[in-house]
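Overview (structure and organization)
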Amino acid sequence: MIIRPRRLRKTQKIRDLVRETDLKVNDLIMPIFIDETLNNDEKKPISSMPNQYRFGIDAAVKECEEIADLGVPAVILFGIPKEKDEIASSGYDDNGGVQEVIRKVKEKLNDDLIIIADVCMCEYTSHGHCGIISKDGEVLNDETLPILAKIALSYAKAGVDIVAPSDMMDGRVYEIRKVLEENNYKNVSIMSYSAKYASAFYGPFRDAADSTPQFGDRKAYQMDIANSREALREIELDIEEGADLLLVKPALPYLDIIRLARDNYNIPVGGYCVSGEYSMIEAAAEKGWLDRKKTVFETLLSIKRAGAEFIITYWAKEVAEWLSKN
């Protein structure tokens, strides 16, 4: 007998019938950059990320409304402050740009859009690192934790649904969970960047968020790109400390890590399709070397197939429009 798997590929209807993985609008989370230096209704193109923008306060709120209208369930907010210092004090300013957008979006949309806020110090520090710096240039772990918790608490006060610590300090999930519980924000979820690698794919984001380190690099706290078992340890610790959702960043070079997380843990796992992944596809498509739409779908579908239940992607808004037309 000749086995012919091609029979199930004969027509599009048959392929659709046996398809194992689907990409849906509900899988998508759209990043938004809030720039306090812009006028409220202004948006500014990001040179290294075609078709992506920094937004003033009101422009960001309008963007959130458009995203919600497309059926995208969530956004993740990043802030660019007017002023930076060594301790990221703008990050926990209750009148900061991210906090203001959270309040305004919740007032307009209530629960029609999930608001996630990235919790880190790099955008808010004068030195561009994700924690407090010692006199000899070391990023201090324990001294950083209270500040991360203050940022998370400030977002919770503004009405955020989920806080997302991305700093990779040891013990930060526990510290954030403790402060949220103590202040009666028990229903605010924590989406931990549990496996965040010291990747070369972050370059355009650092341009977008104005978060390039002023000295050294982040290898002392972000994960070694060669390690996978270490990711499982990080994930397990974050779950023990109170994380509700897990995130692997970047996604494409670490699909194996997404699969390991999905196979080993029973809480939601997501992948962050980061700026470098976005920009390299955009650049190749601009050159005519790739079919842009097909490549975007294949990229996001691969992340879903690896085991991600949600995907942070700069294509979220556009893909939602494509899916609605299909």
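This text goes with the structure placed above it.
Attention in this report is confined to the structure presented alongside it.

Criteria and cut-off values
Residues numbered from 1 in each chain as written. Predicted model: local features only at pLDDT ≥ 70, side-chain atom pairs only at ≥ 80, totals over all residues. Heavy atoms only, no water. Helix = DSSP H or I, 4+ residues; strand = E, 2+ residues; numbered from the N terminus. Buried < 20%, exposed > 50% of the residue type's maximum accessible area, 1.4 Å probe, protein only. Patch = residues over 30% accessible without salt bridge, like charges linked within 9 Å, V, L, I, M, F, W, Y side chains within 5 Å. Areas by Shrake-Rupley, 256 points an atom, 1.4 Å probe, with all protein chains shown as cover. Salt bridge = Lys/Arg side-chain N within 4 Å of Asp/Glu carboxyl O. Phe/Tyr/Trp six-rings, centres within 6.5 Å; stacked < 30°, edge-to-face > 60°. Lys NZ or Arg CZ within 6 Å of the ring centre and 35° of its normal.

Another point: the environment of N187. For N187, the location among the structural elements is in the loop between α5 (172–182) and β9 (189–196). With relative accessibility at 77%, the residue N187 sits in the exposed group. For the pair N187 and A156, spaced 31 residues apart in the sequence, the C-alpha separation amounts to 9.5 Å.

Before going further, it helps to spend a moment on a nonpolar patch on the surface. There is a patch of nonpolar side chains on the surface, built from L8, L17 and V18 and spanning about 310 Å² of accessible area. Note on placement: L8 falls in the segment before α1 (12–18).

Moving on to the packing of aromatic side chains. What characterises a pair of aromatic rings is the spacing of the ring centres plus the angle enclosed by the ring planes. For the structure on display, the rule yields eleven aromatic pairs. Ring centres 5.1 Å apart and planes at 80° place the aromatic pair F78 and F205 in the edge-to-face group. Residue F78 is found in strand β4 (residues 74–80), and its partner F205 is found in helix α6 (residues 203–209); the two are separated by 127 residues along the sequence. Looking at F78, the relative accessible area reads 2%, which means it is buried. The class of F205 is buried, set by a relative accessible area of 10%. Three or more aromatic residues joined by ring pairs make a cluster, and in this case those are F33, F78, Y193, F205, Y272, Y278, Y314 and W315. If you follow K150 out to its NZ or CZ, it ends over the ring of Y92, 4.0 Å from the centre. Above the ring of F205, the side-chain terminus of K249 is found at 5.1 Å from the ring centroid.

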